[in-house]
Amino acid sequence: MTVHVRRRGSHSAEEVVSRETMDHFVAGTSPMQILALTTPGANFASDDAFGLDTVANTLYVRGFNQTQLGVSLDGIPMGGQGFHNWNGLGVDQMEIQENITSLTMSQGAGALDTPSAQTLGGAITFTSSDPSDKAGGQISQLFGSYNGFRTYGRVDSGKLNSSGTKFYAAYARTDQDLWKGYGDQQEQQANFKLVQPVGDRGKITAVFDYSNFEQYNYLGLTKNMWQKMGRNTTYLKPNYELAKQYAYYAQNGGVPAGLEGVLSNDEIGDYAYDGTQTQRNYLSAITGEFQLFPNVTSKTIAYAHVSNGDYSATNPFLTSPTSQVPMAMETGHPDVRRLGFVQNFDIHAGHNNDIKTGIWYENDRFNYPMMMYEDGVNTPHSSIADFKNGTTWWSDSFNTNTFQFYLQDTYQIIPGMTVEAGFRSLLQTTHGGTSVDNTASLSDWGVYYSHPASGSLTAANAFLPHFNFDYHFLNQHEVYFDIAENMRAYDYSAQSSSGSAWSGLGSASNPAQTVFDENKKSLRPERTWNYVVGYRFNSHFFSGSADFYHTDYYNRLAAITSGSTGNTYSSFMNVGRETMNGADVAGTLRPLPGLAITNSFSWNDATYEDTHLPYNGGYVSIKGKHQVYYPKFMYKADVSYTWHHATFNFNTTYTSARQMTYTNDEQIPAYWTSNLNVAYDFGKVGFAQKLKTSFGITNLYNQNYIGGVYGAASVAGDDNANLFVAAPREFFGTIAAQF
């Protein structure tokens, strides 16, 4: 953790990452990646250097992944941060990185005022910059490995009139060829923000954000595929003939010549010709912040988010009817619309009381038709265009209503000592599921059971308490503890996926609808009790902190294989408890002006308690087994040095082995990864008020390791192609100017 994190607002069970810290990294790097590189207890991995690949991005904070954390931007709820974004919007798609002034992570039990139905652990709050009072602009240009480039520009209007009206408009475009295989990943973003003061009583803020991510994918691998075929193995494009050969073996058994004993038939089926995704997002919001009375302030947010896209992949288990090629392009065309509002009040009651209360309501509509497109004898169907005349296999539709209320009181006992107590109430109801299923009439496509199911589920809890104590004493010391109960509402997703109450259920002999109806009788929302106790010390020479945390995780949900031997089927159910203990220790030395040396160590012992997990017609015990995908140990070191106009930053992270199955019989190997960045600020040059150049190297020592993970874990065995190899060493140079 750099000195800038520790000296700019971190307090109690919260950590703050400043704009200055983000500037130590390659321009355009995902804020989630920067958070993990600079904060104990956080782990981020991906398969591209920027951390922008929406499939492979994997964030964990003290054992909770990005779909279990509350996330907001300027108070606007951002929902789940995982791939497909059924009910949310990822940070990399909602705000250009340079326009984020800071991010705050509540590592404890979350924050009551965060509007979220996903929170089981902490919460992440992003704050965007306001328009400048003075007219001006910024521009930067990056060039990098694999034909990488990134262009960023921003124009600030300055104050336009006596009332103080001001705005900015910004645009960024990032493009880089894949470091292996065919294609590139291109991201375009635009942000607009207008601020209109209303006398001395408040202000109105309007924002509009746009993003268009068009990305060729990297192939998800089993550990065996990575070890036997190497880090560069990926989709088979542009070798169409080889893809047809692999598809033939996938459907008929066996493996191609030369791969006997190397890959299994299942792994041959994991290969495909092509895979891409295009995501388009539009976010608009109006915020009114006013002082209603001398002791009462109000913040009202009305927002709308519309998203659509094309998620394409060659399916080697289908057959194109006309050409009889043993594969076809299948494309999901998701359509998301979120509408909602947030109303918060802050009431100063006397000298020692600060009362906060508020409500949040959101309606989320989600549609997902799955279309099939024929591959030709000599030419495949495009995965990023020409989505006409497709054949509908099935379609899903969901509608969700969410309501949250919170109330908290912060009381100052004595100067420097505060106690905070409050609660939130959460209610979410989701209706929907399969709306169309044409499986029975599509035998010429070679379709298989599509798991159609529909129905409603409600998650509700009227009292989720939160308690915090914080004491600053002797100027440099702070102790705190934090306790809270959280509940996570039910996820939903396309019926062909897994990991939700509506998806991947049943079998051809045990219909998904029957399984859903039976599950509904016993399903309970996931809940956690989180406890954090910590100490922090700050001085000019040294800053340090130590946290210990404990979590009791109830009603954990998982996709499992149930039923008796010979009649197994896929299900989704509560599979018992999990217990987590952990500690984070960090310290920053500042022995010389401009020099900061930071080290941190994290330990996490998260173990399952279930002794009777259904598996392949029987049961297995996973009691005492470590949680999947989160490391038990992490070590981070960061050296930052500023001398006159030059800045140097070296960052390294050790991540211990991660379990990849519930029985812990397979592990993702441990790894080290390091980054180096240097920059020089030339100051005022000509008409530029500030001219700066920087040079960065990611994965400095070119380590070959598994980065991101997407999808549910297996109970046992290396049979899940959901591992993504991290990007190799890459070089980037940037020149930036302010006017």
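Up top is the structure.
Residues numbered from 1 in each chain as written. Predicted model: local features only at pLDDT ≥ 70, side-chain atom pairs only at ≥ 80, totals over all residues. Heavy atoms only, no water.

Peer 1: How would you summarise a nonpolar patch on the surface if you had to cite specific residues and measurements?
Peer 2: Together, Phe341, Tyr361, Phe403 and Leu427 make up a nonpolar patch on the protein surface, roughly 330 Å² of accessible area in all. Phenylalanine 341 gets classed as partly exposed once you look at its relative accessible area, which sits at 36%. (Patch = residues over 30% accessible without salt bridge, like charges linked within 9 Å, V, L, I, M, F, W, Y side chains within 5 Å. Areas by Shrake-Rupley, 256 points an atom, 1.4 Å probe, with all protein chains shown as cover. Salt bridge = Lys/Arg side-chain N within 4 Å of Asp/Glu carboxyl O. Buried < 20%, exposed > 50% of the residue type's maximum accessible area, 1.4 Å probe, protein only.)

Peer 1: An account of the nonpolar core is requested, with residue identities and associated values reported.
Peer 2: Ranked by size, the top nonpolar core spans 84 residues in total, and within it Tyr368, Trp393, Trp502, Tyr629 and Tyr662 carry the most contacts. Those residues in contact with tyrosine 368 that sit more than four places away from it in its chain are His84, Trp86, Tyr311, Gly332, His333, Pro334, Trp394, Ser395, Asp396 and Ala494. Among the nonpolar cores identified, the runner-up in size contains 40 residues, and Leu35, Val91, Val342 and Tyr553 belong to it. (Core = buried A, V, L, I, M, F, W, Y, C linked by side-chain atoms within 4.5 Å. Contact = heavy atoms within 4.5 Å.)

Peer 1: I'd love a proper account of the packing of aromatic side chains, names of residues and values included.
Peer 2: Within the structure shown, the criterion is met by 35 aromatic pairs. Consider the rings of tyrosine 60 and tyrosine 630, whose centres lie 5.7 Å apart with planes at 45 degrees: the pair is tilted. With a gap of 570 residues between them, tyrosine 60 in strand β3 (residues 58-61) and tyrosine 630 in the loop between β30 (618-620) and β31 (633-643) connect regions that are remote in the sequence. On the basis of relative accessibility, which here comes to 7%, the residue tyrosine 60 falls in the buried class. Taken together, Phe366, Tyr368, Trp394, Phe398, Tyr492, Trp502 and Phe516 form an aromatic cluster joined through their ring pairs. (Phe/Tyr/Trp six-rings, centres within 6.5 Å; stacked < 30°, edge-to-face > 60°. Helix = DSSP H or I, 4+ residues; strand = E, 2+ residues; numbered from the N terminus.)

Peer 1: Break down the sheet that holds β3 for me, citing the residues and quoting the values.
Peer 2: Taken together, 3 strands build an open sheet; the order of strands is β2-β3-β4 and the sheet is antiparallel. Every other strand in the sheet has two partners, leaving β2 (42-45) and β4 (64-65) as the edge strands with one partner each. Note: β2 against β3, 4 bridges, orientation antiparallel. Among the inter-strand pairings, alanine 45 is bridged to a residue of β3, identified as threonine 58. In the packing of helix α3 (residues 31-38) onto the sheet, the strands contacted are β2 and β3, and the crossing angle to β2 comes to about 135 degrees. (Pairing = 2+ DSSP bridges. Axes fitted to C-alpha atoms, helices over the stretch in contact; angles between N-to-C directions.)

Peer 1: For helix α6 (residues 240-252), give the residues involved together with the corresponding values.
Peer 2: End to end, α6 covers 18 Å across 13 residues, agreeing with the expected 18 Å (1.5 Å per residue, within 8%). Within the span of α6, buried status applies to Tyr240, Ala243, Lys244, Tyr246, Ala247 and Ala250. Buried residues of α6 fall within an arc of 160 degrees about the axis and therefore sit on the same side. Looking at the buried residues of α6, the elements they touch are α7 (265-270). (Expected span 1.5 Å × (residues − 1). Arc of directions from axis to C-beta.)

Peer 1: Residue-level account of unusual backbone geometry, with values.
Peer 2: Where the residue is not glycine, phi is negative for most of them; where a peptide bond is considered, it is trans in most cases. Following lysine 237, the chain continues to proline 238 via a peptide bond in cis, the omega torsion being 15 degrees. Along the chain, proline 238 turns up in the loop between α5 (223-229) and α6. Of note in the backbone geometry, leucine 474 takes a positive phi value of approximately 55 degrees without being a glycine. Relative to the assigned elements, leucine 474 resides in the loop between β21 (454-473) and β22 (477-488). A positive phi angle, close to 70 degrees, is found at asparagine 475, a residue other than glycine. Along the polypeptide, asparagine 475 turns up in the loop between β21 and β22.

Peer 1: Give a description of the pattern of salt bridges that names residues and reports values.
Peer 2: Summed over all chains, the structure comprises 26 salt bridges. Linking aspartate 584 and arginine 62 is a salt bridge whose minimum nitrogen-to-oxygen distance equals 2.8 Å. Here aspartate 584 is found in strand β27 (residues 578-589), whereas its partner arginine 62 is found in the loop between β3 and β4, with 522 residues between them in sequence. Judged by its relative accessible area of 4%, aspartate 584 is buried.

Peer 1: Outline the pairing of strand β15 (residues 296-315), listing residues and values.
Peer 2: Strand direction decides the pairing type here: strand β14 (residues 275-293) and β15, joined by 18 bridges, are antiparallel. Across the sheet, the residue bridging to arginine 280 is asparagine 308, located in β15. Between the antiparallel neighbours β14 and β15 lie 2 residues. Bridge count between β15 and strand β17 (residues 335-349): 13 bridges; the pairing is antiparallel. Looking at β17, one finds that isoleucine 301 is bridged to valine 342. Bridging between β15 and strand β16 (residues 328-332) involves 5 bridges; their strand directions are antiparallel. When the sheet's bridge partners are listed, serine 312 is paired in β16 with threonine 331.

Peer 1: If you had to explain empty space enclosed by the protein to someone new, which residues and values would you point to?
Peer 2: One pass over the structure, following the stated rule, counts 15 cavities of 30 Å³ or more. Reported here for the largest cavity is a volume of approximately 300 Å³. In this structure, the largest cavity is lined by 23 residues; those nearest its centre are Gln33, Leu37, Phe44, Thr673 and Tyr705. Of all the secondary structure elements, the ones that give two or more residues to the lining of the largest cavity are α3, β2, β31, β32 (646-655) and β35 (671-685). Here the lining of the largest cavity takes 4 residues from β2, the largest share from any one element. Empty space within the second largest cavity amounts to approximately 200 Å³. Considering the residues around the second largest cavity, the lining is formed by 18 residues, among which Asn57, Gln81, Gly90, Val91 and Asp92 are closest to the centre. Among the secondary structure elements, those contributing two or more residues to the lining of the second largest cavity are β3 and α4 (91-94). No other element matches α4, which puts 3 residues into the lining of the second largest cavity. Split by residue class, the lining of the second largest cavity holds 6 nonpolar, 11 polar and 1 charged. (1 Å grid on protein atoms, 1.4 Å probe; cavity = no way out; pocket = protein on both sides within 12 Å on 5 of 7 lines; lining within 4 Å. Points joined across faces, edges and corners; volume = space filled by probe spheres on them. Nonpolar A, V, L, I, M, F, W, Y, C, P; charged D, E, K, R; others polar.)

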